[in-house]
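# Tertiary structure, described
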Amino acid sequence: MTTTFDSTALSAHVADALGRIAAAADEADVRALASELTGKRSLLTALHRSLGSLDADQRREAGRLLNEAAATITAAIEERSGVLGASAMTARLEADRLRLDEVEDLVALAPVVRGHRHLVTQTRDELEDVFIAMGFRVEEGPEVETDWYNFEALNIPPAHPARGMHDTIYVDVGDAESVVLRTHTSPVQIRLMEAAVRDGSLPLHVVIPGRVYRQDTPDASHLVEFHQIEGLVVDEDITFADLAGTIESFTAAYFGSDIKARLRPSYFPFTEPSAEFDITCTLCRGAGCRTCAQTGWVELGGCGVVDPAVFAAVGIDPTRWSGFAFGFGIDRCAFMRHQIADLRALIDNDVRFLRQF
Ligand code: DAH
């Protein structure tokens, strides 16, 4: 089919095209119209091709009219496409809108549960409170220690058999001085006494809670990483009786007045005399059970009068000052107070267990 140029027909075509564009319902309609009206098979393109058969003057005039027609149609397509695109966007945004009244219902279905402090942290805080009420101050120290603080200054020289009880975890720092994960909180005694000597702030009445480490196979009553609280008093005229009274008051305050404390002679290199202290078994209240091996007592920690060799290591004059120290397990206190069957529950992070406290 050949198409010949006819300006009246062109005007009619443009008018018709504009009507159809204005009636397009969505962007897909507009795209289809654009291809039909301005694409390769459109009337405009066919008319363009036919221009060659016209003479030069007619061709110039017809070309101008065709260009005008194409520009009008293209502008109408762009405008309609812009209008439809904007309303499609508005519809999408409307569909995405958060219905806050509905969300409130969801929140009511699944309330956010607030967490709480871990049982060990709670126990540490409670122990601190008891000692603060007795006039102690709370201090902390590093978990990675040198051999000097962890052992030597505490009167445990390199080949001393007491080291064997500590199952130490060593830290390889490629250095002559050996570095360990502290096996107990006692090294902080040394740090605090050194500091007090340095700035002349004796006497000292401190408790030192913290994490300690030993090479051990975890079982119901052992963990590789556990917690201790250390106590240290350095003052004038301190005797073993002050230590015994402190342990007794603490036991009653923390465990209740029906739980008693007793001291048994023992040995620690950094105290002389030394004792281990037991409390009435909290499970059977002293009657005898499996936990206390039918004795009615369970061991809580060690204590004693500060050994003069320790004072010598930190430069405290033993003729003027004397002191006592104690140390026991925080996890063990939680265990005794809440009758926990297996210490490993404290590190499993099973919320079904932890939520109970
Ligand atoms: N540090 C000792 C341990 O972990 C416990 C201890 C015993 C601490 C006697 C003391 C003490 O302060 O006087 O086995």
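See the structure printed just above.
Calculation rules
Residue numbers restart at each chain and count upward from 1, following the sequence in its written direction. pLDDT decides what is reported in this predicted model: residues at 70 or higher carry local features, side-chain atom pairs at 80 or more are listed and counted, and totals for whole chains, interfaces and linings draw on all residues regardless. In computing side-chain values, all of the structure's heavy atoms are included and hydrogens and water are not. Nonpolar cores are built from buried Ala, Val, Leu, Ile, Met, Phe, Trp, Tyr and Cys residues. Side-chain atoms within 4.5 Å join them into one set. Relative accessible area decides the class of each residue, using a 1.4 Å probe on protein chains only: under 20% of the type maximum gives buried, over 50% gives exposed, and in between gives partly exposed. Note on contacts: a residue pair is in contact if any heavy atoms of the two residues lie within 4.5 Å. If even one non-hydrogen atom of a residue comes within 4 Å of a molecule or strand, that residue is called near it. Definition of a polar contact: a pair of N or O atoms within 3.5 Å, with one able to donate and the other able to accept a hydrogen when the atoms are protein atoms, and with sequence-neighbouring residues admitted only if both atoms are side-chain atoms. A 1.4 Å probe and the Shrake-Rupley method give the accessible areas. Residues count as covered only by the protein chains that appear here. Put simply, DSSP marks the helices as runs of H or I at least four residues long and the strands as runs of E at least two long, and each gets a number from the N terminus on. Three residue categories are used. Nonpolar comprises Ala, Val, Leu, Ile, Met, Phe, Trp, Tyr, Cys and Pro, charged comprises Asp, Glu, Lys and Arg, and polar comprises the others, including Gly. What counts as a salt bridge is simple: a side-chain nitrogen of Lys or Arg found within 4 Å of a carboxyl oxygen of Asp or Glu. When DSSP finds at least two bridges between two strands, those strands are taken to pair. Only C-alpha atoms enter the line fits that serve as axes; for helices the fit covers just the stretch in contact. Angles between N-to-C directions range over 0 to 180 degrees. Orientation labels follow simple angle bins: below 35 degrees gives roughly parallel, above 145 gives roughly antiparallel, 65 to 115 gives roughly perpendicular, and whatever is left gives oblique. Left-handed describes a crossing whose near helix is turned anticlockwise from the far helix by less than a right angle; the clockwise case is right-handed. Each residue after the first adds 1.5 Å to the expected span of a helix.

## Concerning the nonpolar core
- Core analysis: the largest hydrophobic core is formed by 43 residues, its most contacted members being L127, F131, F250, F255, L300, F326 and F328.
- Apart from residues no more than four positions distant in its own chain, F326 is found in contact with F131, F136, V207, I229, E230, G231, L243, T246, I247, G302 and C303.

## Overview of the site of the ligand
- Within the structure, the ligand sits among 15 residues, and H184, S186, R214, Q228 and E230 are positioned closest to it.
- Interatomic distance of 2.9 Å between a side-chain N/O atom of S186 and a nitrogen atom of the ligand.
- The side chain of R214 places a nitrogen or oxygen atom 2.9 Å from an oxygen atom of the ligand.
- Protein burial of the ligand: of its 360 Å² of free accessible surface, 92% is covered by the chains.
- Of all elements in the fold, only β6 (225-235), β9 (297-306) and β10 (322-329) reach the threshold of two or more residues within the shell around the ligand.
- For the shell around the ligand, the residue count by class is five nonpolar, eight polar and two charged.

## Quick word on the pattern of salt bridges
- For the structure on display, the rule yields 22 salt bridges.
- In this structure, the salt-bridge partner of R60 is D57, at a minimum N-O distance of 3.4 Å. Note that R60 and D57 are positioned in helix α4 (residues 56-96) at a spacing of three residues, about one turn of the helix. Considered together, R60 and D57 belong to a single accessibility category, that of exposed residues.
- A salt bridge links R124 to E128; its shortest N-O distance comes to 3.5 Å. Taken together, the positions of R124 and E128, both in helix α6 (residues 119-133) and four residues apart, correspond to about one turn of that helix.

## Description of the sheet that holds β9
- One open sheet accounts for seven strands, arranged β1-β5-β6-β10-β9-β8-β7; its pairing is mixed. Among the strands making up the open sheet, the edge pair consists of β1 (137-138) and β7 (261-268).
- Direction of pairing for strand β5 (residues 204-213) relative to β6: antiparallel, over a ladder of 10 bridges. When the bridges of β6 are listed, Y213 appears paired with E225.
- Packing against the sheet, helix α9 (residues 240-255) makes contact with β7, β8 (271-280), β9 and β10, and its axis sits at approximately 35° to β10.

## Here we look at the packing of α6 against α9
- At a minimum axis separation of 10 Å, α6 and α9 run at an interaxial angle of 130°. Viewed along their axes, α6 and α9 adopt a mutual orientation that is oblique. Every pair of crossing elements has a handedness; the one defined by α6 and α9 is right-handed. On α9, the residues touching T123, E126, L127, V130 and F131 of α6 are F250, A253 and Y254.
- When its residues are assigned to classes, the contact of α6 with α9 shows six nonpolar, one polar and one charged.

## Details of the sheet that holds strand β4 (residues 179-181)
- Judged by pairing direction, the sheet is antiparallel, and its three strands sit side by side in the order β2-β4-β3 without closing on themselves. For this open sheet the edge positions go to β2 (144-146) and β3 (169-171), each flanked by a neighbour on one side alone. For this sheet the average axis-to-axis angle between neighbouring strands, irrespective of direction, equals 40°.

## Structural notes on α4
- Over its 41 residues, α4 runs 59 Å from end to end, which matches the ideal 60 Å to within 8%, given 1.5 Å per residue.
- Residues A62, G63, L66, A69, I73, A76, I77, L84 and G85 constitute the buried set of α4.
- Next to the buried residues of α4 lie α1 (7-23), α2 (27-38) and α3 (43-50).

## Regarding unusual backbone geometry
- Cis geometry marks the peptide bond from L202 to P203, where omega comes out at 5°.
- Mapped onto the elements of the fold, P203 is located in the loop between α8 (187-198) and β5.
- For the bond from E272 to P273, the omega torsion is -5°, close enough to zero to count as cis.
- With respect to the helices and strands, P273 occurs in strand β8.
- Even without being a glycine, N155 presents a positive backbone phi close to 70°.
- Among the structural elements, N155 can be located in the loop between α7 (147-150) and β3.
- According to the relative accessible area criterion, N155 is partly exposed, its value standing at 28%.
- Phi is positive for D167, close to 45°, though the residue is something other than glycine.
- Along the chain, the position of D167 falls in the loop between α7 and β3.
- A relative accessible area of 33% means that D167 is categorised as partly exposed.

## A closer look at the pairing of β7
- Examined bridge by bridge, β7 and β8 share seven bridges and lie antiparallel to one another. Across the sheet, residue R262 finds its bridge partner in β8, namely D278.
- Linking β7 to β8, which pair antiparallel, is a turn of two residues.

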